[in-house]
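Examination of the molecular architecture
The residues making up each chain are set out below.
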Amino acid sequence: MRAQVAIIGAGPSGLLLGQLLHRAGIDAIILERKSGEYVLGRIRAGVLEQGAVDLLDEAGVGKRLHAEGLVHGGIELCFDGKRHRIDMAGLTGGKHVTVYGQTEVTRDLMDARAAAGAKTVYEAEDVSIHGFDTTSPVVRYRKDGATHEIACDFIAGCDGFHGVCRESLPAGAVKHFERVYPFGWLGILADVPPVSHELIYVNHPRGFALCSMRSRTRSRYYVQVPLDEKVEDWSDDRFWDELKRRLDTQAAATIVTGPSIEKSIAPLRSFVAEPMRFGRLMLAGDAAHIVPPTGAKGLNLAASDVRYLSRALIDHYRTGSMTEIDAYSDKCLRRVWKAVRFSWWMTSMMHRFPDTGEFGQKIQETELDYLVGSKAASTSLAENYVGLPFED
Ligand code: RFL
Ligand code: PHB
């Protein structure tokens, strides 16, 4: 088999790249380790920056997102038992974010790919990549007991944090930067109306909490838990009780509870691999970097990598030049590190760490108080939350 670009991974990065390349007439094949249903079953991100929405429009998959997505111009920060609104739109000259689940983004991209007749191999086993330091890379995989080979010009490593692409780089070719946080997020999804029409990020002595949503009838809530917690130990009742204890009195009194339709624990980590390109292998999305979800940046960063990568590949196939591909890693990393910093800062300010103590709690509350009282500080949060500009 031959393709111009072999994409490893059918998460949002791989599918979005595939769609943008397809529309530019570049032929790409996607290899995914799991089944399509499994990929759609993963409940993850919910908040899209305008840049990600624009890119989905460019990929021709924005219709349902515009019809069903919820446009938010602000968020609320809750600390010391009181809520304070950050007017993101007012502070950024009218910018906003769109609440639309990653599952829906993935579904829209899968549908568009199927309609275009572009090839995705699901349940591809033992994917391995070869010769990416030459001009003729090869990808091998197994499917239904047979071994297959794809000859290609480029490999896009869109295979997430636990993928094979980053792991295939020669030792010494890549440097890792990492921080692992001493807690996780226990999240539930429930078909109940959201407690508020905007997201509430809560700093509480018992730990962080987040009230988010997927629609006007479906809510997504999280509470900070120790890393050794087991999801089986959290009945729905225990979750709702803990969440209510961390909310302000009004939210705790009005929140609608109900049976969960998904419940899981996610660890929190900051991670960056540098560089993001090695020869003809380019990493994108979680394969190259992870951020803790507190800043709602993971999926958005994946989209911004794909924006730069799709433009670089399209430029290469139009002009034969490698200039944009050579610039890919540095361009991505400048934006990546800004989001890594923002996500680390939000995480540090909102969570209870083992050494936070009463002094640390007071400092966090004072930082939050300063933040909501200072236009300069609120603007800094707002411009990062809605998404920093792209370089081109
Ligand atoms: P993904 O989604 O992990 O997809 C990678 C795909 O590659 C496949 N794969 C392989 N395929 C073939 N061969 C192999 N050897 C393979 N190894 C892996 C995998 O099966 C998978 O299908 O990475 P991608 O596409 O880069 O997308 C990244 C996003 O999924 C991620 O950054 C976000 O979900 C992060 N995130 C959030 N991001 C936001 O922008 N806003 C948010 O509000 C937000 N909330 C969140 C989040 C992540 C969370 N968790 C669970 C970590 C909330 C949570 C709780
Ligand atoms: C979500 O809705 O899953 C979500 C929203 C905002 C975040 C993280 C997760 O910061």
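What comes next is a walk through the structure. (Residues numbered from 1 in each chain as written. Chains lettered and ligands numbered in written order. Predicted model: local features only at pLDDT ≥ 70, side-chain atom pairs only at ≥ 80, totals over all residues. Heavy atoms only, no water.)

**Quick word on the site of ligand 2**
The environment of ligand 2 is made up of 14 residues, and the closest members are Tyr-201, Ser-212, Arg-214, Tyr-222 and Pro-293. Between ligand 2 and Arg-214 there is a distance of 2.7 Å, counted from an oxygen atom to a side-chain nitrogen or oxygen. For ligand 2, whose accessible area on its own is 280 Å², the fraction buried by protein is 97%. At the level of elements, β15 (209-213) and β16 (219-225) are the ones that each hand at least two residues to the shell around ligand 2. Residue composition of the shell around ligand 2, grouped by class: eight nonpolar, three polar and three charged. (Near = heavy atom within 4 Å. Polar contact = N/O pair within 3.5 Å; in protein donor to acceptor, adjacent residues only side chain to side chain. Areas by Shrake-Rupley, 256 points an atom, 1.4 Å probe, with all protein chains shown as cover. Helix = DSSP H or I, 4+ residues; strand = E, 2+ residues; numbered from the N terminus. Nonpolar A, V, L, I, M, F, W, Y, C, P; charged D, E, K, R; others polar.)

**A short note on the packing of aromatic side chains**
Evaluation of the coordinates by the stated rule reveals 14 aromatic pairs. Between Phe-154 and Tyr-317, the ring centres sit 6.2 Å apart and the planes meet at 85°, which makes this aromatic pair edge-to-face. With a gap of 163 residues between them, Phe-154 in strand β12 (residues 154-157) and Tyr-317 in helix α9 (residues 298-319) connect regions that are remote in the sequence. Ring plane angle 85° and centroid distance 5.5 Å describe the contact between Phe-177 and Trp-337, whose orientation is recorded as edge-to-face. Of this pair, Phe-177 sits in strand β13 (residues 175-190) while Trp-337 sits in helix α10 (residues 323-350), and the two are 160 residues apart along the sequence. We classify Phe-177 as partly exposed; its relative accessible area is 28%. By way of ring pairs, the aromatic residues Trp-185, Tyr-201, Phe-208, Tyr-222 and Tyr-385 are connected into one cluster. The cationic tip of Lys-34 hangs over the ring face of Tyr-38; the distance from NZ or CZ to the ring centre is 4.6 Å. When the ring centre of Phe-154 is taken as reference, the NZ or CZ atom of Arg-280 above it lies at 4.5 Å. (Phe/Tyr/Trp six-rings, centres within 6.5 Å; stacked < 30°, edge-to-face > 60°. Buried < 20%, exposed > 50% of the residue type's maximum accessible area, 1.4 Å probe, protein only. Lys NZ or Arg CZ within 6 Å of the ring centre and 35° of its normal.)

**Comments concerning helix α3 (residues 50-58)**
Those residues of α3 lying buried are Gly-51, Ala-52, Val-53, Leu-55 and Leu-56. Looking at the residues trailing α3, positive phi occurs at Gly-60, about 80°.

**Section: the packing of helix α1 (residues 12-23) against helix α6 (residues 102-116)**
It is the contact of α1 with α6, at a shortest axis distance of 10 Å, that shows an interaxial angle of 35°. As for how α1 packs across α6, the hand of that crossing is left-handed. For the pair α1 and α6, the contacting residues are Pro-12, Leu-15, Leu-16, Gly-18, Gln-19 and His-22 in the first and Gln-102, Thr-106, Leu-109, Met-110, Ala-112, Arg-113 and Ala-116 in the second. Per-class residue counts for the contact of α1 with α6 are seven nonpolar, five polar and one charged. (Axes fitted to C-alpha atoms, helices over the stretch in contact; angles between N-to-C directions. Left-handed = near helix turned anticlockwise from the far one by under 90°. Contact = heavy atoms within 4.5 Å.)

**What about the environment of Ile-261?**
Within the element layout of this structure, Ile-261 appears in strand β17 (residues 260-274). In this structure, the C-alpha to C-alpha distance between Ile-261 and His-22, residues 239 residues apart in sequence, is 35 Å. Non-local contacts of Ile-261, meaning those with residues more than four positions away in its chain, are made with Leu-189, Ala-190, Asp-191 and Arg-218.

**Some thoughts on the pairing of β16**
In terms of burial, β16 is largely enclosed, as seven of its seven residues are buried. Here β16 shows no split at all, with Ser-219, Tyr-221, Val-223 and Val-225 on one side and Arg-220, Tyr-222 and Gln-224 on the other all buried. Taken together, the seven bridges between β13 and β16 define a ladder with antiparallel strand orientation. Counted as the bridge partner of Leu-189 is Arg-220 from β16. Where β15 lies against β16, five bridges are found, and the strand directions are antiparallel. Across the sheet, the residue bridging to Cys-211 is Tyr-221, located in β16. (Pairing = 2+ DSSP bridges.)

**Looking at the nonpolar core**
Ranked by internal contacts, the top residues of the largest apolar core, which has 76 residues, are Val-5, Ile-7, Leu-16, Leu-21, Leu-31, Leu-48 and Val-139. The biggest single contributor to this core is α9, with nine residues. Not counting the four nearest positions on each side in its chain, Leu-16 is found in contact with Leu-55, Leu-56, Ala-59, Leu-109, Ala-303 and Val-306. One finds Val-47, Phe-208, Met-213 and Trp-345 within the second-largest nonpolar core, a separate group that totals 34 residues. (Core = buried A, V, L, I, M, F, W, Y, C linked by side-chain atoms within 4.5 Å.)

**Topic: the sheet that holds strand β14 (residues 200-202)**
Read across the open sheet, the eight strands follow the order β6-β5-β14-β15-β16-β13-β17-β20; overall the sheet is mixed. Two strands close off the open sheet at either side, each with one partner strand: β6 (82-86) and β20 (289-290). Across the sheet, helix α7 (residues 236-246) is in contact with β13, β14, β15, β16 and β17; its angle to β16 comes to roughly 80°. Seen against the sheet, α10 touches β13, β14, β17 and β20 and runs at an angle of roughly 125° to β17.

**Concerning the site of ligand 1**
Within the structure, ligand 1 sits among 32 residues, and Ser-13, Glu-32, Arg-42, Gln-102 and Leu-299 are positioned closest to it. Between ligand 1 and the protein, one listed contact pairs an oxygen atom with a side-chain N or O atom of Arg-42 at 2.6 Å. Listed by contribution, the elements that provide at least two residues to the shell around ligand 1 are α1 and α9. When the residues that make up the shell around ligand 1 are grouped by side-chain class, the tally is 14 nonpolar, 10 polar and eight charged.

**Quick notes on the packing of α3 against α9**
One can describe the packing of α3 onto α9 by two numbers: an axis separation of 9 Å at closest approach and a directional angle of 50°. Put simply, α3 runs oblique to α9. Relative to α9, α3 is oriented so that their crossing is left-handed. Here Ala-52, Leu-55 and Glu-58 of α3 lie close against α9, whose contacting residues are Asn-300, Ala-303, Val-306, Arg-307 and Arg-311. For the contact of α3 with α9, the per-class residue count stands at four nonpolar, one polar and three charged. (Parallel < 35°, antiparallel > 145°, perpendicular 65-115°, else oblique.)

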